[in-house]
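Descriptive analysis of the structure
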Amino acid sequence: QRRWQHSSLGMLVLLMSSVAQDSYDSHLDRAETLVGKGKVREALAELDAASRISPKRPEALVAKGNLLMEQRQNAEALLALRAAAVALKVDEGKPRKQRGALGGSSLGGVQANIATILYQSGDPLGAAEACEEALVVQPAHARCMYIYGVAWLSGGRWESAEGFERILRTLMAARRLSGRDASAASAYFALGSLHMKRLRPDLALQPFQMAAVLAPTDAAMQLKVGEMHSRLGHHARALAAFRIAEQLRPSDSEPKIQVGNAMRRLGRRHEALAAYRAAQGVGGAAGYEVAEAKYWEASVVEQEGQPKTAERLYR
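Residues numbered from 1 in each chain as written. Predicted model: local features only at pLDDT ≥ 70, side-chain atom pairs only at ≥ 80, totals over all residues. Heavy atoms only, no water.

**Description of the overall build of the chain**
Looking only at helices and strands, the chain has 16 helices and zero strands in total. Across the 315 residues in the chain, those meeting the buried criterion constitute 45%. Taking the intrachain contacts of the chain between residues at least 6 apart in sequence as the baseline, contacts between residues at least 24 apart amount to 51%. Of the accessible surface of the chain, which amounts to about 17,000 Å², a share of 53% is contributed by carbon and sulfur atoms. (Helix = DSSP H or I, 4+ residues; strand = E, 2+ residues; numbered from the N terminus. Buried < 20%, exposed > 50% of the residue type's maximum accessible area, 1.4 Å probe, protein only. Contact = heavy atoms within 4.5 Å. Areas by Shrake-Rupley, 256 points an atom, 1.4 Å probe, with all protein chains shown as cover.)

Below you can see the structure in the form of structure tokens.
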């Protein structure tokens, strides 16, 4: 009799556990379907229902954090992802169903997302700490390598020789792991920025050029290439880069100002004046951009022997 009772109790526990497991997974399945249909709010409700059934399982927490992050609800995403990280540290290594629409659930990926949110929220040191944890479990995580490097860069760690070398190694690893995509372009851009912290345009030029090759539609990359050439005295090459930036951002004042600056340095004053005036005519141009363009226009006009016109422009 007692043996039968123990056996029945054990079967009941297993049955209840199985029901809970199926229910948890069914909520995840519905959430995945809803995400595929663009119904994010309903998907989040399904994920919350799953977490109420099994609060210590990580999948729903990870998916919730990822979804909230995509919706730019960073504070709530951070709470969910931190809870997921705690759960994953206990649960890591257990087999899970792959759910493409809800994202992966590796500890390294979760820590990388935590680092991304912290960096975007203005906490580079917190981002670096989160990346350190991610790199322990996933040493070849390209995004964390990149975030770790730029977090140290923006945090001023580059000022010491040791810090500079560490950032350099980290960003070079991020570039190597990223292949030849937009992430690699960002890593190259950060490498160029690192060298410019030490005012070395000769070393910064090549990384910025590679960033421009990998992100050919990004005007910011071309502007940096042009700036490096200008600093090195390569004004014709600078002009070529600024022209590309102008084509990519025709409704932006900055490329036009830089085209004018390159023309001025090449002695092509009339073309420089045209560029500065075009910059001032851009609708929605920032006040400081208009002021800069007007200042350089006045400077060229003064060089052309028109001091009264220049004086009016300087005011």
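Once the structure has been displayed, the description carries forward.
**So, the nonpolar core**
The tendency in soluble globular proteins is for nonpolar side chains to be buried side by side. In terms of nonpolar packing, the biggest core is built from 71 residues, with Leu47, Val110, Ile114, Ile167 and Leu194 touching the most fellow members. Residues within four places of Leu194 in sequence aside, it is in contact with Leu153, Trp158, Phe164, Ile167 and Leu168. Within the second largest apolar cluster, 21 residues are counted, among which are Ala238, Ala262, Ala279 and Val301. (Core = buried A, V, L, I, M, F, W, Y, C linked by side-chain atoms within 4.5 Å.)

**A look at the environment of Asp202**
Note that Asp202 resides in helix 10 (residues 201-214). Judged by its relative accessible area of 40%, Asp202 falls in the partly exposed class. Residues Asp202 and Arg231, 29 residues apart in the sequence, show an inter-C-alpha distance of 8.8 Å. Only 2.7 Å separates the side chain of Asp202 from the side chain of Arg200, close enough to count as a polar contact. (Polar contact = N/O pair within 3.5 Å; in protein donor to acceptor, adjacent residues only side chain to side chain.)

**Details of helix 15 (residues 287-303)**
Taking 1.5 Å of rise per residue, the 17 residues of helix 15 would be expected to cover 24 Å, and the 25 Å separating its terminal C-alpha atoms lies within 8% of that figure. Buried within helix 15 are the following residues: Glu289, Ala293, Glu297, Ala298, Ser299, Val300 and Val301. Its buried side turned inward, helix 15 meets helix 13 (253-265), helix 14 (269-280) and helix 16 (307-314). Positive backbone phi, at 85°, marks Gly305, one or two positions downstream of helix 15. (Expected span 1.5 Å × (residues − 1).)

**Examining helix 9 (residues 182-197)**
Between its first and last C-alpha atoms helix 9 spans 23 Å; for 16 residues at 1.5 Å apiece the expected length is 22 Å, and the two agree. A positive backbone phi angle near 55° is found at Leu199, which sits one or two residues after helix 9.

**A few points about the packing of helix 7 (residues 142-154) against helix 9**
Packed helices, taken two at a time, are described by the angle their axes make and the gap between the axes. One way to put it is that helix 7 packs onto helix 9 with a least axis distance of 11 Å and a crossing angle of 25°. Here helix 7 lies roughly parallel to helix 9, going by the angle between them. Crossing of helix 7 against helix 9: the hand is left-handed. Between helix 7 and helix 9, the residues in contact are Tyr146, Val150 and Leu153 and Ser186, Ala187, Ala190, Ser193, Leu194 and Lys197, respectively. (Axes fitted to C-alpha atoms, helices over the stretch in contact; angles between N-to-C directions. Parallel < 35°, antiparallel > 145°, perpendicular 65-115°, else oblique. Left-handed = near helix turned anticlockwise from the far one by under 90°.)

**Observations concerning the side chain of His229**
With respect to the secondary-structure elements, His229 resides in helix 11 (residues 219-231). His229 sits in the buried class, given a relative accessible area of 6%. Residues in contact with His229, not counting those within four places in the same chain, are Leu205, Gln209, His234, Arg237 and Ala238.

**Side note on the packing of aromatic side chains**
By the definition in use, this model includes three aromatic pairs. Both rings, one in Tyr295 and one in Trp296, keep their centres 5.1 Å apart while their planes meet at 80°; by these two values the pair is edge-to-face. With a relative accessible area of 43%, Tyr295 lands in the partly exposed category. Using a relative accessible area of 23% as the deciding quantity, one classes Trp296 as partly exposed. One Lys or Arg, Arg264, reaches over the ring of Trp296 and ends 3.8 Å from the middle of that ring. (Phe/Tyr/Trp six-rings, centres within 6.5 Å; stacked < 30°, edge-to-face > 60°. Lys NZ or Arg CZ within 6 Å of the ring centre and 35° of its normal.)

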